[in-house]
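The primary structure of each chain is shown beneath.
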Amino acid sequence: MSSLTLTCNKAPIVSLNGQPVLLFNGQQHTLLQALEVKKIKVFSECRSGYCGACKTRVISGSVRYLTEPLAVLGEDECLPCCCVPSKDLDLDLSAKGADLVNRPVSLHPQAEHLLID
Ligand code: FES
């Protein structure tokens, strides 16, 4: 008997104060670039994790850093210029002017890992 295991990896949803604005599908290199494509304004300078100018409060979720940031961060802060969302993320930024997205149809959490005989 053979079995096939399917695992669904969904793109993280990035929300701003609870308003979903984008699916992070990897088309942009960083979270900052993905936000800029959606016309969301985030002040930035070095764009490399040095200056801390893009420091943004994370309401919920988590990020993964592409390069280790040198700017000092609080536990609830991230640097969008050098990170990507590692799961659904809600940031303390204004969604004003951004196109909102609908939450995609998702599987029941227990159905995300399917075993087919
Ligand atoms: S722009 Fe300098 S740390 Fe992000």
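Not measured: the values here are computed from a predicted model.

**Observations regarding the overall build of the chain**
Counting its regular elements, the chain contains 1 helix and 9 strands. Each helix and strand of the chain, ordered N terminal to C terminal, gives the series β-β-β-α-β-β-β-β-β-β. The buried share of the chain, taken over its 117 residues, is 26%. Considering only residue pairs separated by 6 or more positions, the chain has 59% of its internal contacts joining residues 24 or more positions apart.

**Details of the sheet that holds strand E8 (residues 89-91)**
Within a sheet, each strand pairs with its neighbour through backbone hydrogen bonds, oriented either parallel or antiparallel. Here we have 5 strands laid out as an open sheet, ordered E3-E2-E8-E4-E6, and mixed in their pairing. The open sheet has two edge strands with one neighbour each: strand E3 (19-23) and strand E6 (77-78). Here strand E4 (residues 56-60) pairs with E6 via 2 bridges, running antiparallel. Among the inter-strand pairings, Arg 57 is bridged to a residue of E6, identified as Glu 77.

**Describing the pairing of E3**
Here 4 bridges tie strand E2 (residues 13-16) to E3, and the two strands are oriented antiparallel to one another. Bridging across to E3, Val 14 finds its partner in Leu 22. Adjacent in sequence and paired antiparallel, E2 and E3 are bridged by 2 residues, among which Asn 17 carries a positive phi angle near 50 degrees.

**Quick word on the environment of Val 37**
Of note, Val 37 is situated in helix H1 (residues 31-37). Owing to 11 C-beta atoms within 10 Å, Val 37 belongs among the exposed residues under this scheme.

What counts, and where the lines are drawn
Residues numbered from 1 in each chain as written. Predicted model: local features only at pLDDT ≥ 70, side-chain atom pairs only at ≥ 80, totals over all residues. Helix = DSSP H or I, 4+ residues; strand = E, 2+ residues; numbered from the N terminus. Buried ≥ 20, exposed ≤ 12 C-beta atoms within 10 Å, placed from the backbone. Contact = placed C-beta atoms within 7 Å. Pairing = 2+ DSSP bridges.

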